[in-house]
Amino acid sequence: MATPLPKPIKGQADWREYEAVQLENGVTVLAIHDKESKMTAMSCCVNVGASADPRSLSGLAHFVEHMCFLGSSKYPGENEYKRYLASHGGRSNASTSMHLTNYKFEVLAEHAEKAVDIFSNFFIDPLFTSSGTVRE
């Protein structure tokens with residue numbers, strides 16, 4: 001169940017529709033509908049960045065950022081996500097700042113459902129394989 005949040009303030013020239021909700025697990029979601037766009041985009045901002053790294057593991061947040069892209073229990077192929085996006089007009093990226101890590105993607109709207117499923121599994125059950133760990 002999601003709790004509706006106040007609608008964001010938008011400019012008079014903004015034709016998009018916005019809906020903000022907070023999920024039971026505390027995650028805030030902002031859905032933006034642009035009826036003129038052929039793309040679907042999603043972003044997830046995690047409240048942990050480089051400043052949370054232990055002194056003995058400098059770079060840990062950035063390491064985790066990279067590892068999330070390398071498969072999950074449901075989608076174990078290391079390049080499955082990037083291949084899926086690329087073959088459906090999409091792309092992805094991520095960045096780690098001092099306080100946040102942001103993951104994002106875009107894909108042609110008709111292929112969004114599977115892209116969202118793959119993306120969400122980064123955070124549900126990432127693999128963190130030995131081979132990926134060694135390379136990263």
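Before any of the text, the structure's been laid out above.
Residues numbered from 1 in each chain as written. Predicted model: local features only at pLDDT ≥ 70, side-chain atom pairs only at ≥ 80, totals over all residues. Heavy atoms only, no water.

A.B. asks: Can you explain the layout of surface pockets? Please cite residues and give values.
C.D. replies: The computed volume of the largest pocket comes to approximately 1000 Å³. V29, L30, A41, M42 and S43 are, among the 25 residues lining the largest pocket, the residues nearest its centre. Within the residue set of the lining of the largest pocket, elements represented by two or more residues are strand 3 (28-33), strand 4 (39-46) and helix 3 (112-124). No other element matches strand 4, which puts 8 residues into the lining of the largest pocket. Class assignment for the residues of the lining of the largest pocket results in 17 nonpolar, 7 polar and 1 charged. (1 Å grid on protein atoms, 1.4 Å probe; cavity = no way out; pocket = protein on both sides within 12 Å on 5 of 7 lines; lining within 4 Å. Points joined across faces, edges and corners; volume = space filled by probe spheres on them. Helix = DSSP H or I, 4+ residues; strand = E, 2+ residues; numbered from the N terminus. Nonpolar A, V, L, I, M, F, W, Y, C, P; charged D, E, K, R; others polar.)

A.B. asks: I'd like a rundown of the packing of aromatic side chains, residues and numbers included.
C.D. replies: Per the counting criterion, the structure on display carries 11 aromatic pairs. Arranged with centres 6.1 Å apart and planes meeting at 35°, the rings of F69 and Y103 form a pair that is tilted. Of this pair, F69 sits in the loop between helix 1 (60-68) and helix 2 (80-86) while Y103 is found in strand 6 (residues 101-108), placing the two residues 34 residues apart along the sequence. Here F119 and F123 contribute two aromatic rings whose centre-to-centre distance is 5.5 Å and whose plane-to-plane angle is 80°, an arrangement assigned as edge-to-face. Here the residue F119 and the residue F123 both occupy positions in helix 3, the gap between them amounting to 4 residues, near one helical turn. Residue classification places F119 among the buried residues on the basis of a relative accessible area of 2%. The class for F123 is partly exposed, based on a relative accessible area of 33%. (Phe/Tyr/Trp six-rings, centres within 6.5 Å; stacked < 30°, edge-to-face > 60°. Buried < 20%, exposed > 50% of the residue type's maximum accessible area, 1.4 Å probe, protein only.)

A.B. asks: Give me the lowdown on the sheet that holds strand 6, citing residues and values where you can.
C.D. replies: If you trace the 3 strands from one edge of the open sheet to the other, you get 4-6-5, paired in antiparallel fashion. Looking at strand neighbours, the two that pair on one side only are strand 4 and strand 5 (91-96), the edges of this open sheet. In this sheet, neighbouring strand axes are inclined to one another by 10° on average, regardless of whether the strands run parallel or antiparallel. The pairing of strand 5 with strand 6 spans 6 bridges and is antiparallel. In the strand pairing of strand 6, S95 is matched with N102. Lying over the sheet, helix 3 contacts strand 4 and strand 6, oriented at roughly 165° with respect to strand 6. (Pairing = 2+ DSSP bridges. Axes fitted to C-alpha atoms, helices over the stretch in contact; angles between N-to-C directions. Contact = heavy atoms within 4.5 Å.)

A.B. asks: So what about the side chain of D14? Which residues, and what values?
C.D. replies: Structurally, the position occupied by D14 is in the loop between strand 1 (2-4) and strand 2 (17-23). On the accessibility criterion, D14 (16% relative accessible area) is buried. Looking at D14, its side chain comes within polar contact range of the side chain of R16, at 3.0 Å. (Polar contact = N/O pair within 3.5 Å; in protein donor to acceptor, adjacent residues only side chain to side chain.)

A.B. asks: Account for the pairing of strand 2, naming residues and giving values.
C.D. replies: In the case of a regular strand, side chains alternate between the two sheet surfaces. Taken together, the 3 bridges between strand 1 and strand 2 define a ladder with antiparallel strand orientation. Paired with T3 across the strands is Q22, a residue of strand 2. Here strand 2 runs beside strand 3; their pairing, made up of 6 bridges, is antiparallel. Paired with E17 across the strands is H33, a residue of strand 3.

A.B. asks: Could you give an account of the environment of A2, with specific residues and numbers?
C.D. replies: You can see A2 is positioned in strand 1. Sequence separation of A2 and N102 is 100 residues, and the distance between their C-alpha atoms is 22 Å. Ignoring sequence-local partners within four residues, the contact set of A2 consists of V21, Q22 and L23.

Purely spatial values, then, with no claim about function.
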